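Residue-level structural notes
Each chain, letter by letter, is given below.
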2 protein chains.
Amino acid sequence: MRKSILLFVSLFCTVAWVKAQVITSPDKNLTLTFALKDNGVPTYQLDYKQKSVIKSSKLGLETKDVPSFLDGFSITKTEQNTFDETWSPVLGEQKNIRNNYTELLVTLAQKAVKDRFIRIRFRLFNDGLGFRYEFPAQANLNYFIIKEEKTQFALAGDHKAFWLPGDYDTQEYSTMTSKLSEVRGKMKEAVTPNASQTTFSPTGLQTPLMMKSDNGLYINIHEAALIDYSTMSLNLDDQHMILESFLTPDAVGDKGYLQAPTQSPWRTIVVSDKATDILASRLILNLNEPTKYKDVSWIKPIKYVGVWWEMITGKSTWAYNNLESVQLGVTDYAKTTPNGKHAANTAHVKEYIDFAAKNGLDAVLVEGWNEGWEDWFGKTKDYVFDFVTPYPDFDVAELHRYAASKNIKIIMHHETSGSVRNYERHLDTAYKFMVNNGYNSVKSGYVGNIIPRGEHHYGQWLVNHYMYAITKAAEYKIMVNAHEAVRPTGLNRTYPNLLANEAARGTEYESFGGNNPDHTTILPFTRLMGGPMDYTPGIFQTKISAYNPENTSFVHTTLVKQLALYVTMYSPLQMAADLPETYAKFMDAFQFIKDVAVDWDETKILEAEPGDYITIARKAKNKDEWYIGAITDENPRTATVTFDYLPKGKTYTATIYADGKDASYDKNPQSYTIRKMKVTSKTVLKQALASSGGLAISVK
Amino acid sequence: MRKSILLFVSLFCTVAWVKAQVITSPDKNLTLTFALKDNGVPTYQLDYKQKSVIKSSKLGLETKDVPSFLDGFSITKTEQNTFDETWSPVLGEQKNIRNNYTELLVTLAQKAVKDRFIRIRFRLFNDGLGFRYEFPAQANLNYFIIKEEKTQFALAGDHKAFWLPGDYDTQEYSTMTSKLSEVRGKMKEAVTPNASQTTFSPTGLQTPLMMKSDNGLYINIHEAALIDYSTMSLNLDDQHMILESFLTPDAVGDKGYLQAPTQSPWRTIVVSDKATDILASRLILNLNEPTKYKDVSWIKPIKYVGVWWEMITGKSTWAYNNLESVQLGVTDYAKTTPNGKHAANTAHVKEYIDFAAKNGLDAVLVEGWNEGWEDWFGKTKDYVFDFVTPYPDFDVAELHRYAASKNIKIIMHHETSGSVRNYERHLDTAYKFMVNNGYNSVKSGYVGNIIPRGEHHYGQWLVNHYMYAITKAAEYKIMVNAHEAVRPTGLNRTYPNLLANEAARGTEYESFGGNNPDHTTILPFTRLMGGPMDYTPGIFQTKISAYNPENTSFVHTTLVKQLALYVTMYSPLQMAADLPETYAKFMDAFQFIKDVAVDWDETKILEAEPGDYITIARKAKNKDEWYIGAITDENPRTATVTFDYLPKGKTYTATIYADGKDASYDKNPQSYTIRKMKVTSKTVLKQALASSGGLAISVK
């Protein structure tokens, strides 16, 4: 997808020793300094407009079986390059992405280890820094085991942080907002229960970690291109405000098995003095490789409904019967008594297909269609699903025929229950089954503890597996939406059939007690930095008890905020998550979901402050239409929507979906107004948002 | 394969509590007593002709997540049955096997655990006892995790034992012979180095464990039908001479994940006052299920040569070049420099094919044919082989054509290097590749530590894998010879495409320092109790230095003992392991290997004493030919070979391959004589065997 290389300059510097290497970003705002400190320890520091982002921080890796890569280094070579190209993602927030950086490549040798050498590659963009360790092929380095990566991020102060507890298995926590110095005290509160969770430190933090300094810098730390390596969390030294990499171990405590030539993922620091710049950053995508897929014509955005929310709320069930224990191939489902609440039955799925077809949606997700749901959860059951055997009331062939006749795709569902060996054993057969039955996308799930036992969701073993599932899917031209997998790191550039991930607390938690009103004002600054999220917005029936009298949860947003999320939460895969019967009561509001695009030519971040509010405008792909979403936290506010990105002199009709004057997420969430107005590039709209309210505008 | 049911009687005994349950074997020699002891602990004891085999011993399992199955039991039901049938194995030591036992099925309930119940099923044969735990489906028992199985075998004395150190990963140890009380003192000496090994106790022992009591009983403890359960070792309480089950843990220390309804493998005790009866026992096969394969016509015995011994000795290499590190799909082998010692090249393989065809053998094993051997060992390398990509000098299509033209099969080789996930990912493709290229059998290998790391060769995870590989092979009509897999437990009855296993110290160790002269006089009493072994006999060039000057090992047998092993070491898969160039020098002796059968109608154990000697006569399947093998340990002896199994009045020609008068394994191993004589059913032959010598006779 490379569009054009504007500039490529190489500067070689081959002196044997250099005291400090300094590069600046193309716009000169960022300065990266690399230096060896006492005893040959590699260090780097990062400054933004004369403000310290990262103070001098150590780099290195501790190994288990060979001498560590920590000290005793001397610089044997440095190279500087600049790079500037513009490329186009297959699907994305904008049609053209500029990849422009200054690169410093440092070769470091350890004399005491037979001149063994590594390289550290820094790429300094206008929006931040990426760097990684590279381990070239050489006589004295083949295989090695990582005990711990020792990459430090020494912060310049006790920043405000938007954080999740560091965990090897889940990111489905509510984001905590506090000073870094308060993390330790709030950790217990932060660690809420999950189906699989393994925290590791009283100051352990996950990435993407979003921070704001007292002097006005927005700093985001994450990683890019996580491939066959353990996921990085951060451990905070809260005395010195130093974050240090903390990798996910395997079952025996090792943190990575590598073979040279190889490299670490990129460690990323996105920084700006404007919060909007953080959301506009494409640094993580730029650090990933261009796609290797030759044919990407089969990769399409998807707007879908699903047989899902009714089970999440407890109205229906995934399981066909009420048995507590079943065995695949042994239990004869046809002879069991149905529980009468099984949603994924042929007739009911047809209703969803009808709804999708009638409203111009692309697809219908169906969960609970296959045998095994009676005891799938929490048993660490090895042979839990076979991914091809439907329940007696789910007619695969008939639904294939029916959906095809209406030009609707059914989205396959592969819940693995964490039993990864079992999934891999069935993967080829399951994908073939999909192709044979007209499915072209799959939602996969990894709920619960991993089998093989002792492995973690974010360890190298699983990171390798997720990639295996994605690349094998590509062989079958299947798109993947992986839930409970590792949080993304921009891999959708290279593997664009990875449409989206979950890997955070999604809308489902609105039925499990609720998400905080500020939740979606933070996620774009954290989880979404790595890639699209299948957040599943669109819940109009905000009282869950309407579906299940025993469920007292309610959605912690207004109805209009649910609409706004289709714009503020980027994903090429967007669900209209509520039930057709509910949408039928609100078809005027549903019109926005019908209209809104899921793939974009341009994106403008109009307003943003993590934890408070976000306003974004996006131009639909290949259409002269714009969609605007604005959201706020529990505090009502007035959004200022500018339209200066519209072509000058042209008048558009804007349809404005706004919170009602009396709306609030907790008292009156379903109050909304819809009005139309003419807008031009000069229009500035001031619009009130309710408590945890929103604003959605279509501009045509 | 059931031939006839002679008798089937059921006796139901439904009293609520019974003090002790006693059953006797069909021949009345064995008595099994089951009783609940204080606090409702299940116990059993076993007696043979009034001699104690197993004193009152506890039964039960300790669990992790549900109340244990250890005590608090009451008997709620007992059932007694007798059973008698004769069945025919697909391949075997005899055409007809009698399966005759008295059964006691005890149902035990735990009142304190909501009347949760289990069953213990005892089957008492004339040659010993099998029993297992059964966990029926019930409301109060679904999933459970085994912390430890607590099955005891309280011995009646300090027996002489033929033992291996208990280990989770290998059985490739030399057998120790000592009193049980001496195990602790000899453990250090017993634990010799291996590529993957994990001992667990100073008195840990493997099964099959062969023992001999001072009062003349031969007792063998093992297990039958090990499926989806952890392998059992034994831990010795050397104060009280109590052996207790000790299961293989997974990576997190758990010893089994079970879901009711299910059962444990059978725990087996073969006993007699005659050592020959131990070798004649078919108890373990009888405790396995009949085969479920509908078509077994594709399962054939195999006599083969192989491109193997020349690598084992160091004369040639598996690897194509001398690189220390390669990456599949990255390393371009065509551009590397061959090391000039790569054995699996097209021309050389054709020489083996020619030899096999000329001498009436069935197949040629070829190891080292595929990319990846340069760094396959000891790296715990995940993507180590792909099982389909040949080295540049190995022409798959041409060798397929050439072998087929000579009616020879090539045996595929799948070394996994312990990287089991990688193997499973490629399994279907690899098997398809085999079918497409004319292979119908595979030797698989599991050298080195297991990946996923922390799992063990003998844990439930791997036990499940081995079965997966075997059953999936059956879908492709492929026969399996698995090395470094778990030792067999009679599963070849149910899955007859499992032709053989290694799972013990094979002939390869003759090139790694040598096997003890008594080694093969013990193996039939230990390792072979569970099933056939691919021992790979037939080494005529007993000085390894003849192939590799740097290798000072020598074979610890005479040449004739190598011949005798084809009879004494039962396997439907037998290798002529030495090099064709060597056989060419000894074609008169090689004639026995050409002639000897590998599948049998009848087997007669003529003489046997574990650790000392074995003499066996077998009738070739569907032929009026008998083959006799006799071996001895380091002590020369005179074998007494009777022929009373021959039809009366008929005269046969026996060709007698005997050690030369001056032969000995260490001084003059290649000294042998070949003579012919007429034999009838009345003939009794006394024949001298040299030190670690043998005797081989063909009778036609």
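Residues numbered from 1 in each chain as written. Chains lettered and ligands numbered in written order. Predicted model: local features only at pLDDT ≥ 70, side-chain atom pairs only at ≥ 80, totals over all residues. Heavy atoms only, no water.

1. A closer look at the pattern of salt bridges
All names here are of chain A. The following threshold applies: A pair is scored as a salt bridge if a Lys or Arg side-chain nitrogen falls within 4 Å of a carboxyl oxygen belonging to Asp or Glu. In this description a helix means any DSSP run of H or I spanning at least four residues, a strand means any run of E spanning at least two, and both kinds are numbered starting from the N terminus. Remark: exposure states derive from per-residue accessible area (1.4 Å probe, protein chains only) relative to the maximum for the residue type, with buried under 20%, exposed over 50%, and partly exposed in between.
Counted under the stated rule, the structure contains 80 salt bridges over all chains. A salt bridge links D382 to R421; the shortest N-O distance between them is 2.9 Å. With D382 in the loop between β24 (363-366) and α6 (396-405) and R421 in helix α7 (residues 420-436), this pair connects stretches of sequence that are 39 residues apart. Given the relative accessible area of 7%, R421 is considered buried.

2. Here's the deal with the packing of α7(A) against helix α7 (residues 420-436) of chain B
If you want to describe how two helices pack, look at the angle between their axes and the distance between the axes. Applicable threshold: Comment: axis = line fitted to C-alpha atoms, over the contacting stretch for helices; angle = value between 0 and 180 degrees taken between N-to-C directions. Left-handed is the label given to a crossing in which the near helix is rotated counterclockwise from the far helix by less than a right angle, and right-handed is the label when the rotation is clockwise. Contact between two residues is taken to exist if any of their heavy atoms lie within 4.5 Å; hydrogens are not considered. Residue polarity follows a fixed list, in which Ala, Val, Leu, Ile, Met, Phe, Trp, Tyr, Cys and Pro are nonpolar, Asp, Glu, Lys and Arg are charged, and the others, Gly among them, are polar.
Close contact between α7(A) and α7(B) brings their axes to 8 Å; oriented N to C, the two are set at 35°. In this structure, the crossing between α7(A) and α7(B) has a hand that is right-handed. Of α7(B), the residues touching α7(A) (which contributes A:R421, A:E424, A:R425 and A:K432) are B:R421, B:E424, B:R425 and B:K432. For the contact of α7(A) with α7(B), the class distribution of residues is no nonpolar, no polar and 8 charged.

3. Re the interface of chain A and chain B
Applied cut-off: Buried area counts how much accessible surface, traced with a 1.4 Å probe, disappears from two parts once they are put together, with both parts' losses summed. A 3.5 Å cut-off defines polar contacts: any pair of N or O atoms within that distance qualifies, except that in protein one atom must be a possible hydrogen donor and the other a possible acceptor, and neighbouring residues in sequence count only when both atoms are side-chain atoms.
Counting residues at the interface gives 31 residues for chain A and 31 residues for chain B. For the pair chain A and chain B, the summed buried area comes to about 2,800 Å², and 47% of that belongs to carbon and sulfur atoms. For A:R425, the salt bridge is made with B:E424, and the minimal N-O distance between the two is 2.8 Å. Taken together, the links from chain A to chain B amount to 18 residue pairs in polar contact (both at pLDDT 80 or more). Those elements that provide at least two residues to the side of chain A that touches chain B are β20 (257-259), α7 and α8 (460-475) of chain A. The residue makeup of the side of chain A that touches chain B, split by class, is 11 nonpolar, 8 polar and 12 charged.

4. Thoughts on the sheet that holds strand β15 (residues 204-205) of chain A
Here is the rule we go by: Any two strands are treated as partners once DSSP identifies two or more bridges connecting them.
A sheet is described by the order of its strands in space; here 8 strands give the open sequence β2-β3-β4-β5-β12-β19-β18-β15 (chain A), paired in antiparallel fashion. Of all strands in the sheet, those bounded by a partner on one side alone are β2 (20-24) and β15 of chain A.

5. Focus: the UniProt feature "domain: Glycosyl-hydrolase 97 catalytic" (unreviewed entry) in chain A
Heads up, the condition is: UniProt positions are given in the numbering used here, feature names are shortened, and annotations may be inferred rather than shown by experiment.
UniProt records the feature "domain: Glycosyl-hydrolase 97 catalytic" (unreviewed entry) for residues 308-504 of chain A in the present numbering. Taken end to end, residues 308-504 of chain A has its terminal C-alpha atoms 18 Å apart, with 30% of it in helix and 13% in strand.

6. A look at the side chain of A:T542
Residues and elements named next belong to chain A. Locating T542 in the fold gives a position in the loop between α9 (519-522) and α10 (559-568). Residue T542 is classed as buried on the basis of its relative accessible area of 3%. Residues in contact with T542, not counting those within four places in the same chain, are S553, F554, V555, T557, P669 and Q670.

7. Comments concerning the domain arrangement of chain A
Residues and elements named next belong to chain A. Here is the rule we go by: Domain segmentation is taken from an automatic or database assignment of domains.
For chain A, the assigned domains are domain 1 (22-286) and domain 2 (302-599). Between domain 1 and domain 2, the C-alpha centre-to-centre distance is 32 Å. Contacts between domain 1 and domain 2 engage 53 residues on the former and 46 residues on the latter. Regarding the contact of domain 1 and domain 2, the summed buried area is about 4,000 Å², with carbon and sulfur atoms giving 55% of it.

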